Amino acid sequence: MQRVKEAMVDLGHISQRLIGGDIQGVERLTRKALDDGIPAREILNRGLMPGMDEVGKKFKENLIYIPEVVLSAKAMLAGMELLRPHLEAGRVKPSATIVIGTVQGDLHDIGKNLVSMMFKGAGFEVVDLGIDVSPQRFAQEIADRKAHILALSALLTTSMPNMKKTLDLLSEMDLRQGLIAMVGGAPLTQAYADEIGADGYAHNASLAVDKAKELLKSRTPQSIGG
Ligand code: B1M
């Protein structure tokens, strides 16, 4: 008997499950999409991300509240976890060490985790310090790891000043010499990055990789890998 081939996952369904905070549904469909051979980046860009964008819009318009956003965030992180090995695949010898974290007072980590994954996928050694990271902790890790790049993430206008505090502390401790400081996050702009003395700003995870490579190249032409 001829077997009917199961239909490929519609990535819009992943967005819908994510908006509905259906963690298991997002996991099941993400797994299925990978099994169908859909590239991880496509699942991310056409399934998970549009869902999270919609959640952001609904939250802003008071159509949903924190508990719903938490569930959607968990669903997003569960989907990302399945994509992680694919996004990080093809690692080559680390070309530079990046210390990354969400600044003090800020608990948002979905975007930071994505940036971290993309950096790893591009062959960087990534030290992810997590969320709510104090300027002192960043400074300590930069010194201990002899990092080449610092990547700071902020999602709140109220936590953005802690980016400047971190950069100021690094200068005070004489740790800015040779260090590339990058910033990003939804409320950030190139103008703000310039204002606080960051070396680079990136609007999203892919651009963060491009920017890191560009900045490394401009400093040490031989140090950049892939
Ligand atoms: Co909150 N939240 N949240 N939240 N949350 C926002 C950011 C908000 C814009 C929602 C809104 O009002 N529309 C608003 C901030 C307003 C403002 O400051 N102007 C807000 C608020 C107000 C709050 C609370 C204060 C709510 C409250 O308690 N009353 C509270 C604060 C808690 C705290 O941090 N102290 C809060 C809490 C939460 C949850 C815990 C419920 C949850 C976070 C869960 C988690 O992260 N694990 C949450 C969520 C999910 C959001 C929204 C809905 C989605 C954020 C997200 O994950 N986006 C968000 C609304 C929105 O942004 N539209 C919102 C998807 C992610 C892939 O994108 O993070 O932008 P993003 O990352 C991108 C780029 O920005 C860039 O690349 C990433 C990938 O392309 N990027 C970098 C990020 N970091 C980078 C670093 C780099 C380079 C690029 O380094 C070089």
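Notes on the structure in this doc start here. (Residues numbered from 1 in each chain as written. Predicted model: local features only at pLDDT ≥ 70, side-chain atom pairs only at ≥ 80, totals over all residues. Heavy atoms only, no water.)

### What about the coordination of the cobalt atom of the ligand?
No protein donor other than His108 (NE2) coordinates the cobalt atom of the ligand, and that contact is at 2.3 Å. Topologically, His108 is positioned in the loop between β1 (97-102) and α5 (110-121). (Donors = N, O, S within 2.8 Å, 3.2 Å for Na, K, Ca; no water. Helix = DSSP H or I, 4+ residues; strand = E, 2+ residues; numbered from the N terminus.)

### Digging into helix α2 (residues 23-35)
Taking 1.5 Å per residue as the helical rise, α2 with its 13 residues ought to reach 18 Å, and the 18 Å between its terminal C-alpha atoms agrees with that figure. The set of residues buried in α2 consists of Gly25, Val26, Leu29, Thr30, Lys32, Ala33 and Leu34. Where α2 is buried, its residues touch α1 (11-19), α3 (40-60) and α4 (66-87). (Expected span 1.5 Å × (residues − 1). Buried < 20%, exposed > 50% of the residue type's maximum accessible area, 1.4 Å probe, protein only. Contact = heavy atoms within 4.5 Å.)

### Some details on the side chain of Lys112
Residue placement: Lys112 occurs in helix α5. Setting aside chain neighbours within four positions, we find Lys112 in contact with Ile100, Gly101, Thr102, Asp128, Gly130 and Ser153.

### Considerations on the layout of surface pockets
Counted as a void, the largest pocket has a volume near 1500 Å³. What lines the largest pocket is a set of 49 residues, and nearest its centre among them are Met52, Ile110, Gly111, Leu155 and Ala186. Elements with a contribution of two residues or more to the lining of the largest pocket: α3, α4, α5, β3 (149-153), β4 (180-184), β5 (200-202) and α9 (205-219). Here the element with the most residues in the lining of the largest pocket is α3; it accounts for 11 residues. Across the lining of the largest pocket, the residue classes break down as 30 nonpolar, 11 polar and 8 charged. (1 Å grid on protein atoms, 1.4 Å probe; cavity = no way out; pocket = protein on both sides within 12 Å on 5 of 7 lines; lining within 4 Å. Points joined across faces, edges and corners; volume = space filled by probe spheres on them. Nonpolar A, V, L, I, M, F, W, Y, C, P; charged D, E, K, R; others polar.)

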